[in-house]
Amino acid sequence: MKNNGYSLPAVMITAFFLFSCGESNQTAEGLEEMDSLSIEKVDSVDYKLLGDPILADVSQDGSRILIYDYAASEIISLDQSGKLLGKFSKTEDTPDAYGFMMELPGFLGNDQVVVNGMRGIFIYDLEGNLTKEIKHPEAVGGAAFMPQVGKSIETFTHQNQEFILSKSVRPRDTYPGEQAFYDRFRALEWINVASGESTEIIPFETGSIFKNGKGYIESDYTPSFEWIEGKLYISLGGESILRIYDMSGESVNLDTAINLTIPEFRELPVRERNEFSEGSITVDGSTPSVRNIHRVGDKLILHYYAGMDPEKVKEAGELWQSGNQEEAGLLFDKLEEDVPKGFLVFDLETLQLLDRIDLPQGVDTGGFLAAGNVLWFQKSASEEVEEDFVRIFKYKLD
């Protein structure tokens, strides 16, 4: 891995992609009166690789690690010691290729990998042999996503059946410049693996900021979620609300909504709907968001990114456009360094806020995973030397 000079970071500008119930409030006040929590590095795993890898998933029991290498377009599975279990690539001319990847791949159990691509949901064994293909319920007209460590397609087992939770990409015959988009929106697809049946779930609820008459881009409402014992814990992008849905039966019902107070969490940019054009999909990684939700033992963790100063982001973009790439890159690095980012820790049973913890030094701060009752981080890439390995750290939460 190597950072070869300056390239325009995806989070510096807005990018366009065109492709074929109870309620409560939780704040950080009073945390100083509780026993503080901490994280401690307990182990690491190395794998020899000269490429552009990202930690995609870890199996629920912590025995399998999944990496996606952008340089070779390879999906790589390892055991917990770093031993290679399998790797494969599916190029466009391969009959069982998934097409443009719309989410990082995830494990289904310990011996299968699920990929959400433009051509459908594809399930492979660890060597890349196709075991099942599930068609999308609607043809996908366009898609975009910003890869973040640990933000992958989700799977779970309920009542002896296997299910997939994936980001919904149905066009619904509308776009974000129309009211119909916000009325018809659903965040996720709830997919039965055996039957292939897909149900769209999680609308913009009454009172959501996304129903205020303004326009929003995809990264503003990208879902972060975790399924735990019949309940779905979910937050939509830059809306600082944790909603909990009951999924124990055949329907999905809103149970609880928690208004989150996150330190220095910025507001989403205000956009008018007439700024949007049909057929374009927009993401911006500089804006605030709840980036992921994890379970660690009896605790629930919400990873947040408070967002960059929008005026400074605009300044960096103008520098880049004027040809001052190095100065723009330095400004971007400073903006990224200054963004408050960390995670909130809740008691899973009471939903009481227990602590707020900063991300550790020396890791990719874009995201992390939780599995086997530990946290998994990817080592940040060196800017000075080319590294021929990927290193995964394991941290214990106490």
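As the structure is a computational prediction, the values presented were derived from the model and not from experiment.

Participant: Provide a residue-level description of helix H4 (residues 325–338), including the pertinent values.
Facilitator: The end-to-end C-alpha distance of H4, which contains 14 residues, comes to 20 Å, matching closely the 20 Å that a straight helix rising 1.5 Å per residue would cover. Inspection of H4 places Ala328, Gly329, Leu331, Phe332, Leu335 and Glu336 among the buried residues, and these make up the whole buried set. Relative to the axis of H4, the buried residues are bounded by an arc of 165° and lie together on one face. More than 90 degrees from the buried face of H4, the exposed residues found are Glu326 and Glu337. Tucked into the core, H4 has its buried residues touching strand S22 (299–305), helix H3 (310–321) and strand S23 (341–347).

Participant: An account of the pattern of salt bridges is requested, with residue identities and associated values reported.
Facilitator: A side chain with one charge can pair with a side chain of the opposite charge if their charged atoms come near. On inspection of all chains with the given rule, the structure shows 19 salt bridges. As a salt-bridge pair, Glu218 and Lys167 come within 3.2 Å of each other at their nearest N and O atoms. Of this pair, Glu218 sits in helix H2 (residues 218–221) while Lys167 sits in strand S13 (residues 161–167); the two residues are 51 residues apart in sequence, bridging distant segments of the chain. With respect to burial, Glu218 and Lys167 carry one shared label: buried. Three or more residues are tied together by salt bridges with common partners; here these are Arg170, Arg172, Glu189 and Glu200.

Participant: Run through the packing of aromatic side chains, naming residues and quoting values.
Facilitator: Taken as a whole and assessed by the stated rule, the structure comprises 19 aromatic pairs. Taking 5.2 Å as the distance between ring centres and 75° as the angle between the ring planes, the aromatic pair formed by Phe377 and Tyr395 counts as edge-to-face. Of this pair, Phe377 sits in strand S26 (residues 374–378) while Tyr395 sits in strand S27 (residues 389–397), and the two are 18 residues apart along the sequence. A relative accessible area of 6% means that Tyr395 is categorised as buried. Three or more aromatic residues link up through ring pairs in this structure, and these residues are Phe181, Tyr182, Phe185, Phe204, Phe210, Tyr216 and Tyr221. In this structure, Lys41 packs its charged tip against the face of Phe393, placed 4.2 Å from the ring centre. Against the face of Tyr305 rests Arg291, its NZ or CZ located 3.8 Å from the ring centre.

Participant: Can you explain unusual backbone geometry? Please cite residues and give values.
Facilitator: For Glu229, which is not a glycine, the phi torsion comes out positive at approximately 50°. Counting through the fold element by element, Glu229 comes out in the loop between strand S16 (223–228) and strand S17 (231–236). Backbone geometry at Asn373 places phi at a positive 65°, although glycine is not the residue there. As for its placement among the helices and strands, Asn373 is situated in the loop between strand S25 (369–371) and S26.

Conventions we followed
Residues numbered from 1 in each chain as written. Predicted model: local features only at pLDDT ≥ 70, side-chain atom pairs only at ≥ 80, totals over all residues. Heavy atoms only, no water. Helix = DSSP H or I, 4+ residues; strand = E, 2+ residues; numbered from the N terminus. Expected span 1.5 Å × (residues − 1). Buried < 20%, exposed > 50% of the residue type's maximum accessible area, 1.4 Å probe, protein only. Arc of directions from axis to C-beta. Contact = heavy atoms within 4.5 Å. Salt bridge = Lys/Arg side-chain N within 4 Å of Asp/Glu carboxyl O. Phe/Tyr/Trp six-rings, centres within 6.5 Å; stacked < 30°, edge-to-face > 60°. Lys NZ or Arg CZ within 6 Å of the ring centre and 35° of its normal.

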